[in-house]
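# Structural overview for review
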Amino acid sequence: MAAKLRLTILVDNLAAAGLAAEHGLAFWIENEARRLLFDTGQTDALQHNARQLGIDLARTETLVLSHGHYDHTGGLPLVLSQARDARLFAHPGIVQPRYSIEKETVRPIHIRRPAMLALDRLPPSRIQWVTQPVTLTTDMGLTGPIPRETDFEDPGGPFFLDPAGTRPDPVDDDLALWLRTEQGLVIVAGCAHAGLVNTLQYIQQLNDGLPIHAVIGGFHLVNAHRERLDRTLAALQQLNPDLIVPCHCTGESAVAQLRDALGDRVTPGAAGMSWQF
Ligand SMILES: [Fe+2]
Ligand SMILES: [Fe+2]
């Protein structure tokens, strides 16, 4: 069965004492077979926290971008400059221009220019564009695009592909990571723009119905309406993971409701938290 692996939150909106917090997300995942960085945060929190936690980003072999939003891709130039052989895995849609438009305020949320330049400079041999499920090792894989099956989930915000707001952005590039451990599946999400329940159900399908041990990441329930929250809670109760770690864009009220419904197994994430599976 799978070798032990360690998962550490490197960047999150919350952080342990001595670490930097920012609106962003990054995880470090390491086992005997692979050293993987999942997302890179927004600014320089990644560098600071990695140093404080004794994680050498130069050792990154696999760099995964969950989707092309600025708060997951800001550390890209830094990581690519340090990890000279790292291979990047992401959906080709990450490079699209994209905007959040609220009350006529248009905010660009696409990958920032330094990260785009770093992507442009990366030789094609070091990029694997992910358009379908990918197995990284026997016990690690990426979903690729996640089918949108539920009728109560949406991308989670007023997202558009143009600043005029005429083309809704379904965030088709959103992908998640799964890890097979002795305790069951460990699922790592960036922002879950495909919907948390869609993500969990699809990963379970890809893994022959293996039970879900842990779910960690941004659940993007910050704008969720009542029905979506209720049905998400019901689905989590049914899938019954042992550990649920809402991070980043989950939203304070959603975290409180997750705790009410699912109890102590819900532990809000913060940079510096780490688990061995
Ligand atoms: Fe995000
Ligand atoms: Fe996002």
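Right, let's walk through the structure included here.

Each value, and the rule that gives it
- All chains use their own residue numbering, which begins from 1 and follows the written sequence.
- Written order determines the labels here, with chains lettered from A and ligands numbered from 1.
- Under the rules for a predicted model, residues below a pLDDT of 70 receive no local features and side-chain atom pairs below 80 are neither given nor counted, while totals for whole chains, interfaces and linings still include all residues.
- Any residue whose C-beta has 12 or fewer other C-beta atoms within 10 Å is treated as exposed, any with 20 or more as buried, and any in between as partly exposed, C-beta atoms being built from the backbone.
- Numbering of helices and strands starts at the N terminus; helices are DSSP runs of H or I of at least 4 residues and strands are runs of E of at least 2.
- At least two DSSP bridges between two strands are needed for those strands to be called paired.
- Each residue gets a C-beta atom placed from its backbone, and two residues are in contact if those atoms lie within 7 Å.
- Comment: arc refers to directions from the helix axis out to C-beta atoms.
- Angles here are taken between N-to-C directions and fall from 0 to 180 degrees, while the axes themselves are lines fitted to C-alpha atoms, restricted in helices to the stretch in contact.
- Any angle that is under 35 degrees is reported as roughly parallel, and any over 145 degrees as roughly antiparallel; angles of 65 to 115 degrees are reported as roughly perpendicular and all others as oblique.
- With the far helix as reference, a near helix turned anticlockwise by less than a right angle produces a left-handed crossing, and one turned clockwise produces a right-handed crossing.
- Under the scheme applied here, ten amino acids are nonpolar (Ala, Val, Leu, Ile, Met, Phe, Trp, Tyr, Cys and Pro), four are charged (Asp, Glu, Lys and Arg), and all others, including Gly, are polar.

With that settled, consider the pairing of strand β12 (residues 176–181). Of all six residues in β12, six are buried, a share of seventy percent or more. Neither face of β12 is left uncovered, since the one carrying Ala-176, Trp-178 and Arg-180 and the one carrying Leu-177, Leu-179 and Thr-181 both have all their residues buried. Two elements, strand β10 (residues 140–142) and β12, share three bridges in a ladder whose sense is antiparallel. Residue Gly-141 lies in a different strand from β12, and its bridge partner there is Trp-178. Sheet topology places β12 next to strand β13 (residues 184–189); six bridges connect them, and they run antiparallel. Bridge pairing links Leu-179 to Val-186 in β13.

Along the chain, Gly-157 turns up in the loop between β10 and β11 (159–160). Under the C-beta neighbour-count criterion, Gly-157 is labelled partly exposed, with 18 such atoms within 10 Å. The contact partners of Gly-157, leaving out residues within four places of it in the chain, are Ser-100 and Asn-223.

Turning to helix α1 (residues 45–52), its buried residues are Ala-45, Leu-46, Asn-49 and Ala-50. Buried residues of α1 fall within an arc of 120 degrees about the axis and therefore sit on the same side. Buried-residue contacts for α1 involve β1 (5–11), β2 (26–31) and α3 (76–82). Directly after α1, the chain includes Gly-54, whose backbone phi takes a positive value near 70 degrees.

Moving on, we come to the packing of helix α6 (residues 226–239) against helix α7 (residues 252–262). Two elements in contact, α6 and α7, have axes separated by 10 Å at closest approach and are oriented at 40 degrees. When the axes of α6 and α7 are compared, the pair comes out oblique. Every pair of crossing elements has a handedness; the one defined by α6 and α7 is right-handed. Where α6 approaches α7, its residues Leu-229, Leu-233, Leu-236 and Gln-237 are matched on the opposing element by Ala-254, Gln-257, Leu-258, Ala-261 and Leu-262. Here the residues of the contact of α6 with α7 sort into seven nonpolar, two polar and no charged.

Bringing the sheet that holds β11 into the picture now. In space, the three strands of this open sheet follow the order β7-β6-β11, with antiparallel pairing throughout. Pairing within the sheet leaves two strands with one partner each, and these edge strands are β7 (105–108) and β11.

Taken in spatial order, the seven strands make up an open sheet running β8-β5-β4-β3-β2-β1-β16, and their pairing is mixed. One side of each edge strand has no neighbouring strand; the edge strands of this open sheet are β8 (127–129) and β16 (274–276). Pairwise comparison of adjacent strand axes, ignoring direction, gives a mean angle of 15 degrees for this sheet. The sheet contact formed by strand β5 (residues 87–90) and β8 spans three bridges and is parallel. In the strand pairing of β8, Ala-90 is matched with Trp-129.

In short, the description is geometric, and any link to function would need to be established separately.
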